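The residues making up each chain are set out below.
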Amino acid sequence: MPSKSVSLGPSEPAPQQPTAQGLLQPEGRMPAGQLPSTDKDLGPCLGSPPTDSCPGSEQSPVVPLNIPATISSEDPQAKAKPFTPKPPTRPRLERALSLDEKGWRSRRLRNSREDLASRNGASPSRGSLQDQGPGPPAHTHSPPCLSTSWQEIPTSPGTVGRAAGSPSSWGNGVSGIIGTSLDTLHRNGALAGSTPRLASGLSSHLLPALDWNVASHSLRTANKVDSDQADYKLRLQTRLFRAHSSLGPGRSPSPLACDDGSLRSAKSSFSLLAPLRAKDVRGRSYLEGSLLASGALMGAEELARYFPDRSVALLVATWNMQGQKELPPNLDELLLPPEADYTQDLYVVGVQEGCSDRREWEASLQETLGPHYVMLHTAAHGALHVSVLIRRDLIWFCSEVESCAVTTRIVSQIKTKGALGVGFTFFGTSLLFITSHFTSGEGKVSERLLDYSRTIQGLALPKNVPDTCPYRSDSADVTTRFDGVFWFGDFNFRLSGGRPAVEAILKQEPGASVPALLALDQLSREMKKGTIFKGFREPDIHFLPSYKFDIGKDSYDTSSKQRTPSYTDRVVYRSRHKDDISPLQYSSCPGVRTSDHRPVYGLFRVKVRPGRDNIPLAAGKFDRELYLMGIRRRISKETQRQQALKTQHSSAVCAVS
C-alpha cells in the first residue's frame, strides 16, 4: 500500500519515487505521532548491512539532518499536522572511548591563514552556524549540532513527541536518538562478534535544516572557539601575556605571549631575559664594536640595560689580619654592612699580613656573598692579597684583569711591606685598585712618603688593556692612567701627641672626639700639604681609630708597648673626571676582633661610561672551583643549622613531657 514521507522542515515538493513500501508522497505532509520508533525502526538494522526492509545507509558514521516519518497505511488521505517532538530518556552508557578523545587525535593545527584570521577576530573553526553565512544549507550526513561528547546527551525524560518544537531542541533530540542508537549498537555488536557501526542503523533521508541564527547547546560546547560563544571574548582577554621583564627601565614591553596553537606561539612565555630581535643579532659585531653603535657588547645600549643611571655600586674594604690563621665565624659585618639595604655590584677586598691559607680566605668571601657573585680575580704579593668579586651577570662586561706588585723594603725578598695593584676596564671606565702596607713606626712619616712614591712609579699598569684617555696620562704616575683609582690599606700614619692626649680625647663624646682626633692625624696633615696622595680624597670619618686593639677585646693596646690608638687603615679615591666617584658610607667593623686591627670599608657609587669591544675581554672568566666550594659550604652550614634546630625542638618536647 502506498505510504507518504514528509520532512520536518519546510522544503519544496519532491517527485515521487518508488521504494520498498510504495510511492513517496511530496514532503511536508505527515500525520502527527508517526516518528519512527528507535526500538522498532532503527534497532533491527543496527550492525547489519542495509536491505530493502531497512531504510538505513552506511554512507556516514553520524546522523543525517533529517529523520523520515511515514504515514500509516490505514489513513492514506490524512493530512500532516504540526507536532512537538521530545527526546527519549537518557540511556545508561557503558565506559567507552570519548568522541572528544577521538577528535583530539585527528586535531589539525591551524595554518598561517587561519591563524591570521583568528587574530583579526574571525573564528577559524569549522562547523559554526554563525560563520556559514545566510546561504542555503548544504545537506550532508554530518549535522553540525551533533555533540562530540557522551556527556552532552540531554537528560530530560520523555519521548520525542513531547519535546519542545524549537529548532534548538531538535539538536538535543537528535543527540538523544543517537544515544539510544549507540546503546543498541553496542549490544548488537557484542552479540554479532564484530565491530559495531553507527551509520547502518540511520536513515538516509534528511532532517529539516536549522535556522541560521540558532545553534544548539551541544554545538556551543563542542565548538570551543566560536566567536559568538558567550565567553569567547572573555577567553581572549584572559590570554597570558609575559610581563615586562627587561633588566633596565625604559624598554618596551616584551612581545612574547602564550601558546595559541599556531606557529607564532613557538616562543618562550616564561623567560625573564630581555628579548632579542633577530635583525639586531644579525647586525651585532663582538669583534669591532664602537662607542655608541647599536648592539656593541660594551656599548651604550647594553650599559643602559644594566645601569640606567650609568653608575655602579662598589664596596672597598681593607684589613690587616695580623697573620692570624683563625678567621671570623662570618664576614657579614664586613661585606654586608647593616647600613646597606642592597648588596653591591662589585666587591674589592685587600688584606695585609693575611692568613697563610689564602684559599680558605677566598672561600670565606665566596661563601659570604653566595652564588650571585663570582671571583673575578685574585692576586697576592707576599702577605698582601687582593680579591675582586663581581655579580655573575656582569662578568661579560669586564676586560682582562691585570695586576702588578711593588716591594718597598730595601731587601726585596722580604715582602711584608709594599703595594699590589689590580686594574681592568668595566664597560668604558678603567678602574685601578691598590692595597698597600707602608712602613710602620710613629716617627717614620718620611719613609711612608717614600713608599708612596715608589708605588706610583713602580706599578706598570695597564699592560695590554688600552688606556681610555691616554692624552691625560703620566708615565711617572700610575694613578693618572685610570678613570677611577681606589687606594686602601694599612698606611701606618699615626695620631701625634702621645697616648695620654689621645686617651683624653677618646673619653669625650664620639661626636666631639672624632674631629679632635683627626686634628692629630699625620695622614690628613700630609694630604693637605700635597706630599702624598695627590688628587685623592677621603670620605668623612665618623668611626673611632681602628688600631691597636687587644685581640678578642674592644680595649686598645694594654701591653707594655702601649701603642697610641690611630687611624692606620684608610680608603682614599681619585677620579679622572670630576664627581665620577661619590662616597656613601665610610666605617669600621668593631665586631671583628680576631686581629689587632679593625676592618675598614667604604661604599661608593662610580659613574660608568660606554666602551668599545675591541679590547682584551675577560669573556666570562671566573674561579669556577671556588664558586662551587662556596655553594657547598653554604649548603653544609644550612643543613647543620636545620639539624641543630630539630635537635633543640626534640629536647624541648622531651623536657615538657
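All chains use their own residue numbering, which begins from 1 and follows the written sequence. Given that the model is predicted, a residue must reach a pLDDT of at least 70 before its local features are reported, and side-chain atom pairs must reach 80 or more before they are shown or counted; all residues, however, enter totals for whole chains, interfaces and linings. The side-chain figures draw on all heavy atoms in the structure; neither hydrogens nor water molecules are used.

**With respect to the sheet that holds strand β6 (residues 384-391)**
Strands in a sheet are paired, the pairing made by backbone hydrogen bonds, and the direction either parallel or antiparallel.
At step 1: A pair of strands counts as paired when DSSP detects no fewer than two bridges linking them. Strands are runs of DSSP state E lasting at least two residues, helices are runs of H or I lasting at least four, and both sets are numbered from the N terminus onward. Read across the sheet, six strands follow the order β5-β6-β4-β3-β13-β12 without closing on themselves; strand pairing throughout is mixed. The open sheet has two free edges, formed respectively by β5 (373-381) and β12 (581-588), since each of these has just one partner strand. Looking at each pair of strands side by side, their axes are set apart by 15° on average, direction ignored.
At step 2: Every residue pair with non-hydrogen atoms within 4.5 Å of one another is taken to be in contact. Axes here refer to lines fitted to C-alpha atoms; in helices the fit is confined to the stretch in contact. Angles between the N-to-C directions go from 0 to 180 degrees. Running over the sheet, helix α10 (residues 358-369) touches β3 (311-320), β4 (346-352), β5 and β6 and is turned about 25° from β6.

**Points about the pairing of β3**
At step 1: Counting buried residues in β3 gives ten out of ten residues, a clear majority hidden from the surface.
At step 2: Exposure classes here rest on a 1.4 Å probe applied to the protein chains alone. A residue is buried below 20% of its type maximum, exposed above 50%, and partly exposed in between. Burial of β3 is two-sided: the residues Ser311, Ala313, Leu315, Ala317 and Trp319 facing one way and the residues Val312, Leu314, Val316, Thr318 and Asn320 facing the other way are all buried.
At step 3: Bridge count for β3 against strand β13 (residues 600-607) is eight bridges, and the pairing is antiparallel. If you follow Val312 over to β13, its bridge partner there is Val606.
At step 4: Bridge count for β3 against β4 is seven bridges, and the pairing is parallel. What sits directly across from Leu314, in β4, is Leu346.

**A few points about the nonpolar core**
At step 1: Among buried residues, the Ala, Val, Leu, Ile, Met, Phe, Trp, Tyr and Cys ones that are joined through side-chain atoms within 4.5 Å form a nonpolar core. Ranked by internal contacts, the top residues of the largest apolar core, which has 49 residues, are Leu346, Ile390, Phe424, Phe426, Phe433 and Phe486.
At step 2: Every residue in contact with Phe486, bar those within four places of it in the chain, is listed here: Leu314, Val316, Leu432, Phe433, Ile434, Val572, Tyr573, Ile581, Phe604 and Val606.
At step 3: Counting residues in each nonpolar core, the second largest holds 25 residues, with Val351, Trp361, Leu365 and Cys589 among its members.

**Let's talk about the confidence of the model for the protein chain**
At step 1: Residue-level confidence of the predictor, termed pLDDT, takes values from 0 up to 100. On average, residues of the protein chain score 73 in pLDDT, and 55% of them reach the 70 mark or higher.
At step 2: When the criterion is pLDDT under 50, residues 1-74 qualifies, and its contacts beyond four places in sequence or with other chains add up to 165 contacts.
At step 3: Confidence over residues 218-227 falls short of pLDDT 50; this stretch has 32 contacts with residues more than four positions distant or in other chains.

**Re the environment of Asp309**
At step 1: Mapped onto the secondary structure, Asp309 falls in the loop between α8 (300-306) and β3.
At step 2: Through-space distance from the C-alpha of Asp309 to that of Val608 is 9.0 Å; in sequence the pair is 299 residues apart.
At step 3: Pairs of N or O atoms within 3.5 Å make up the polar contacts considered here, provided that, within protein, one atom can donate a hydrogen while the other can accept it, and that residues adjacent in sequence are counted only when both atoms are side-chain atoms. A polar side-chain atom of Asp309 sits 2.9 Å from a polar atom in the side chain of Ser311.

**Some points on the sheet that holds strand β11 (residues 569-575)**
At step 1: Here five strands make up an open sheet; going across it, the order is β7-β8-β9-β10-β11 and the pairing mixed. Each having just a single partner strand, β7 (402-407) and β11 make up the two edges of the open sheet. Taken over all neighbouring pairs, the strand axes of this sheet differ in orientation by 15° on average, direction set aside.
At step 2: For β7 and strand β8 (residues 418-426), the ladder comprises six bridges, and the chain directions are antiparallel. Counted as the bridge partner of Ala405 is Leu420 from β8.
At step 3: Packing against the sheet, helix α11 (residues 445-458) makes contact with β7, β8, β9 (429-437) and β10 (484-490), and its axis sits at approximately 145° to β7.

**What to know about unusual backbone geometry**
At step 1: Residue Pro462 is bonded to the preceding Leu461 through a cis peptide linkage, with omega at -5°.
At step 2: Residues Tyr547 and Lys548 are joined by a peptide bond in cis, for which omega reads -5°.
At step 3: Within the secondary structure layout, Lys548 lies in the loop between α14 (522-529) and β11.

**Thoughts on α11**
At step 1: How far a helix is expected to stretch is found by multiplying one less than its residue total by 1.5 Å. With 14 residues, α11 should reach 20 Å at 1.5 Å per residue; the first-to-last C-alpha distance of 20 Å fits that figure.
At step 2: Restricting attention to buried positions, one finds in α11 the residues Val445, Arg448, Leu449, Asp451, Tyr452, Thr455 and Ile456. Buried residues of α11 fall within an arc of 155° about the axis and therefore sit on the same side.
At step 3: Those residues of α11 that are buried are in contact with β7, β8, β9, β10 and α14. Relevant arc is that of directions from the helix axis to the C-beta atoms, nothing else.

**A closer look at the packing of aromatic side chains**
At step 1: Each Phe, Tyr or Trp ring (for Trp, its six-membered ring) is paired with any other whose centre lies within 6.5 Å, and the angle between the two planes then decides the class: stacked below 30 degrees, edge-to-face above 60, tilted in between. Summed over the entire model, instances satisfying the criterion amount to 22 aromatic pairs.
At step 2: Of note, Arg448 hangs over the ring of Phe493, and the distance from its end group to the ring centre comes to 5.0 Å.
At step 3: The residue whose ring lies beneath Arg598 is Phe549, and the NZ or CZ to ring-centre distance is 3.9 Å. By definition, being over a ring means that NZ of Lys or CZ of Arg is both within 6 Å of the ring centre and within 35 degrees of the ring normal.

**What to know about the packing of helix α12 (residues 499-506) against helix α13 (residues 510-518)**
At step 1: The contact between α12 and α13 brings their axes to 8 Å, and the two run at 155°. For the element pair α12 / α13, the angle class is roughly antiparallel. For the pair α12 and α13, contact is made by Val502, Ile505 and Leu506 and by Ser513, Ala516 and Leu517, respectively.
At step 2: Among the residues making up the contact of α12 with α13, the classes are represented as five nonpolar, one polar and no charged. Each angle is binned into one of four classes, with values under 35 degrees roughly parallel, values over 145 roughly antiparallel, values of 65 to 115 roughly perpendicular, and all other values oblique. Side-chain classes follow a simple rule in which Ala, Val, Leu, Ile, Met, Phe, Trp, Tyr, Cys and Pro form the nonpolar group, Asp, Glu, Lys and Arg form the charged group, and the remainder, Gly included, forms the polar group.

**Some details on the pairing of β6**
At step 1: In terms of burial, β6 is a largely internal element, seven of the eight residues being buried.
At step 2: Here β5 pairs with β6 via eight bridges, running antiparallel. The residue of β6 that forms the bridge with Val374 is Ile390.
At step 3: The hairpin turn running from β5 into β6, its antiparallel successor, is two residues long, and Gly382 in that turn takes a positive phi close to 65°.

**With respect to the environment of Thr594**
At step 1: Its location among the elements puts Thr594 in the loop between β12 and β13.
At step 2: Taking the C-alpha atoms as reference points, Thr594 and Met321, 273 residues apart in sequence, are found 7.6 Å from one another.
At step 3: With residues near it in sequence (within four places) discarded, Thr594 still touches Trp319, Gln324, Glu326, Leu327, Pro328 and Ile551.

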